[in-house]
Amino acid sequence: MQKIVIVGFGFMGVTHAMSILKNPDAELAAIVDIDPGNALKNLGNEVGNLDTDMISEEEISGIRTYTSLEECIAVEKPDASIISVHTDLHYSIAKLLIEKGVHVFVEKPVTLNIPEGEELIRLAEKQNLLLMVGHVVRFMPPYLQLKQWIDSSELGKLKWLSMTRFSGLPAWGQWKEKLKDFGSTGGALFDLVIHDIDFVQWVLGKPDTIQATCLPGKLSDQDYVTGLWNYSSGTGVKIEGGNRFHANFPFEAGYVANFENASIKFSSSQPENIIVATDSETRLVPAGDAMEGYQGEMDYFIECMEKNEKPVKCLPVSALQSIKICYDHL
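Cut-offs applied
For every chain, the first residue of its written sequence is number 1, and the numbers climb from 1 along that sequence. Reporting in this predicted model follows two pLDDT cut-offs: at least 70 for local features of residues, and 80 or more for side-chain atom pairs to be given and counted; totals over whole chains, interfaces and linings ignore these cut-offs and use all residues. Excluding hydrogens and water, the side-chain figures rest on all heavy atoms present in the structure. For two strands to be treated as a pair, DSSP must find no fewer than two bridges joining them. Put simply, DSSP marks the helices as runs of H or I at least four residues long and the strands as runs of E at least two long, and each gets a number from the N terminus on. Here, axes are lines fitted to C-alpha atoms. For helices the fit covers the stretch in contact, and angles between N-to-C directions go from 0 to 180 degrees. The contact criterion used is simple: two residues touch if any of their non-hydrogen atoms lie within 4.5 Å. Within this document, salt bridges are pairs made up of a side-chain nitrogen of Lys or Arg and a carboxyl oxygen of Asp or Glu, the two lying within 4 Å of each other. Relative accessibility under 20% of the residue-type maximum defines a buried residue, over 50% an exposed one, and the middle range a partly exposed one, all with a 1.4 Å probe and only protein chains included. Note on terminology: angles under 35 degrees are roughly parallel, angles over 145 are roughly antiparallel, angles of 65 to 115 are roughly perpendicular, and the others are oblique. Polar here means any residue outside two lists: the nonpolar Ala, Val, Leu, Ile, Met, Phe, Trp, Tyr, Cys and Pro, and the charged Asp, Glu, Lys and Arg; Gly therefore counts as polar. Classification of ring pairs rests on two measures: the distance between centres of Phe, Tyr or Trp rings, Trp counted by its six-membered ring, which must be within 6.5 Å, and the angle between planes, read as stacked under 30 degrees, edge-to-face over 60 and tilted in between. Criterion for a charge above a ring: Arg CZ or Lys NZ at most 6 Å from the ring centre, at most 35 degrees from the ring normal. To form a nonpolar core, buried Ala, Val, Leu, Ile, Met, Phe, Trp, Tyr and Cys residues must be joined to one another through side-chain atoms within 4.5 Å. Multiplying 1.5 Å by the helix residue count minus one yields the expected span of that helix. The handedness criterion is simple: a crossing whose near helix is rotated anticlockwise from the far helix by less than a right angle is left-handed, and one whose near helix is rotated clockwise is right-handed.

1. Overview of the sheet that holds strand β12 (residues 236-245)
Phase 1: An order of β10-β11-β12-β9-β13-β14-β15-β16 is seen for the 8 strands of this open sheet, with the pairing classed as mixed. Whereas interior strands pair on both sides, the edge strands pair on one side only; in this sheet they are β10 (209-215) and β16 (282-286). On average, each strand axis in the sheet is tilted by 10 degrees relative to the strand beside it, whichever way the strands run.
Phase 2: Examined bridge by bridge, β10 and strand β11 (residues 224-230) share 7 bridges and lie antiparallel to one another. Paired with Gln211 across the bridge in β11 is Leu228.
Phase 3: Sheet strands touched by helix α7 (residues 141-152): β9 (158-168), β13 (252-259), β14 (263-267), β15 (270-277) and β16. Its angle to β13, the strand with the most contacts, is close to 15 degrees.

Rendered as structure tokens:
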């Protein structure tokens, strides 16, 4: 049984709490937050792109809360910690936890500073601890289906891939404060579009060339991004996304892929199926539930702890490569 604490109980903290509570090999031991009331305030609310009403007040009523991470570690002696605070705190909190001998799952992006990310990787390896970054798209069924088609060449060679991800300006939790600290989050490039950048580099590797355009918004100078990736194999990729829109603009993510023998389309606005079209027919392939990715990534992290194995599906060096590719768009 893995004893886990969550640092930061905004909507992502609540989401990870749901996953931990559903895993029979894990115990949610404590919550660390600057406002302990968040442990109740953020329940039953639909914020961001997720609905947190699947967890009840009763389920966490007995879970201890702390405002001090150091005190939590000293009292609870956790096996692992989930870091779900804003990006500018990832490095300092992850470093403290690793130095205290605690396995770390940190939300993406791991850090905006490459040397800091490299240091965290070295520290975790030295301490023989797990360090995993929450790139959840790697665990979402409709994207795993796309990867399977690419890897197997079942539909022929991949010729063209377009990935999109749009949302309104985040207006929940501490995001309003971040409007006053322009650029501190990395903007849409590092916080939103990185999902697709990470997925494509995980599946296809680093592109040979990137042509990109970034536009400013209220959070950073790169709150809209479009990038054209080219590979020597002849495959082309377009990545586009941003959060320059009004707060109530509906979230949407998806992909279009052109293979030699078929073209496919998936969108979160019609999430039930992936459309597969050829010259003679159109068929629907069940997409699965993309939200299962959150449970899948947490189950995998816990499984790696149980087996004392590195998270090969989501190694931190790969997550850091995604940060480097984000910078290539600038």
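Back to the text.
2. So, the pattern of salt bridges
Phase 1: What the rule picks out here adds up to 10 salt bridges.
Phase 2: When the shortest N-O distance is used, the salt bridge between Lys147 and Asp151 registers 2.6 Å. One end of the pair is Lys147 and the other is Asp151, both in helix α7 and 4 residues apart, which spans about a single turn.
Phase 3: Exposure remark for Asp151: the relative accessible area of 46% places this residue in the partly exposed category.

3. With respect to the packing of helix α6 (residues 114-127) against helix α11 (residues 316-328)
Phase 1: The geometry of α6 relative to α11 is characterised by a closest axis approach of 10 Å and an angle of 175 degrees between their N-to-C directions. The orientation of α6 with respect to α11, classified from their angle, is roughly antiparallel. Residues Ile114, Gly117, Glu118 and Ile121 of α6 pack against Pro316, Val317, Leu320, Ile323, Lys324 and Tyr327 of α11.
Phase 2: Residues that form the contact of α6 with α11 fall into these classes: 7 nonpolar, 1 polar and 2 charged.

4. Things to note about the packing of aromatic side chains
Phase 1: Taken as a whole and judged by the stated rule, the model has 10 aromatic pairs.
Phase 2: On the numbers, 5.6 Å between centres and 35 degrees between planes, the contact of Tyr255 with Phe266 is tilted. Of this pair, Tyr255 sits in strand β13 while Phe266 sits in strand β14, placing them 11 residues apart in sequence. Take Tyr255 and Phe266: they sit in the same class, and that class is buried.
Phase 3: One aromatic cluster is present, formed by Tyr143, Phe199, Trp202, Tyr255 and Phe266 through successive ring pairs.
Phase 4: For the cation-ring pair, Lys147 lies above Trp202, with the distance from its terminal atom to the ring centre recorded as 5.0 Å.

5. Overview of the nonpolar core
Phase 1: Counting residues in hydrophobic clusters, the biggest one holds 72 residues, and the most contacted among them are Leu146 and Ile264.
Phase 2: Top contributing element to this core by residue count: helix α9 (residues 187-204), with 8 residues.
Phase 3: Not counting residues within four places of it along the chain, the set of residues in contact with Ile264 comprises Leu146, Trp149, Leu155, Tyr255, Val256, Ala257, Phe259, Ile274, Ile275 and Val276.
Phase 4: In terms of nonpolar packing, the next biggest core, distinct from the first, is built from 26 residues, Val14, Met18, Ile31 and Tyr300 among them.

6. Some points on helix α10 (residues 292-307)
Because each turn of an α-helix spans 3.6 residues, side chains separated by three or four positions end up pointing in the same direction.
Phase 1: Here α10 contains 16 residues, and its C-alpha end-to-end distance of 22 Å stays within 8% of the 22 Å for a straight helix at 1.5 Å per residue.
Phase 2: Turning to α10, its buried residues are Gly293, Tyr294, Gln295, Glu297, Met298, Tyr300, Phe301, Ile302, Cys304 and Met305.
Phase 3: Count one or two residues on from α10 and you reach Asn308, which has phi positive near 55 degrees.

7. Some remarks on the packing of α7 against α9
Phase 1: Following both chains from N to C, one finds α7 and α9 inclined at 30 degrees, their axes separated by 10 Å at the closest point. Relative to α9, α7 is oriented roughly parallel. Two packed elements cross with a definite hand, and for α7 against α9 that hand is right-handed. Mapping the contact onto sequence places Tyr143, Leu144, Leu146, Lys147, Ile150 and Asp151 in α7 and Asp196, Phe199, Trp202, Val203 and Leu204 in α9.
Phase 2: Classifying every residue of the contact of α7 with α9 gives 8 nonpolar, no polar and 3 charged.

8. Digging into the environment of Gly254
Phase 1: Position of Gly254 relative to the elements: it lies in strand β13.
Phase 2: On the basis of relative accessible area, Gly254 is assigned to the buried category, the value being 3%.
Phase 3: Taking the C-alpha atoms as reference, Gly254 lies 8.5 Å from Ser269; in sequence the two are 15 residues apart.
Phase 4: Beyond its immediate sequence surroundings of up to four residues, Gly254 is in contact with Tyr143, Ser162, Met163, Thr164, Phe266 and Ser267.

9. As for the sheet that holds strand β8 (residues 131-134)
Phase 1: Read across the open sheet, the 6 strands follow the order β5-β2-β1-β6-β7-β8; overall the sheet is parallel. Looking at the sheet topology across the chains shown, the edges are occupied by β5 (64-66) and β8. On average, each strand axis in the sheet is tilted by 25 degrees relative to the strand beside it, whichever way the strands run.
Phase 2: Where strand β1 (residues 2-7) meets strand β2 (residues 26-32), 6 bridges bridge the pair, whose relative direction is parallel. Pairing of Gln2 across the sheet is with Ala26, part of β2.

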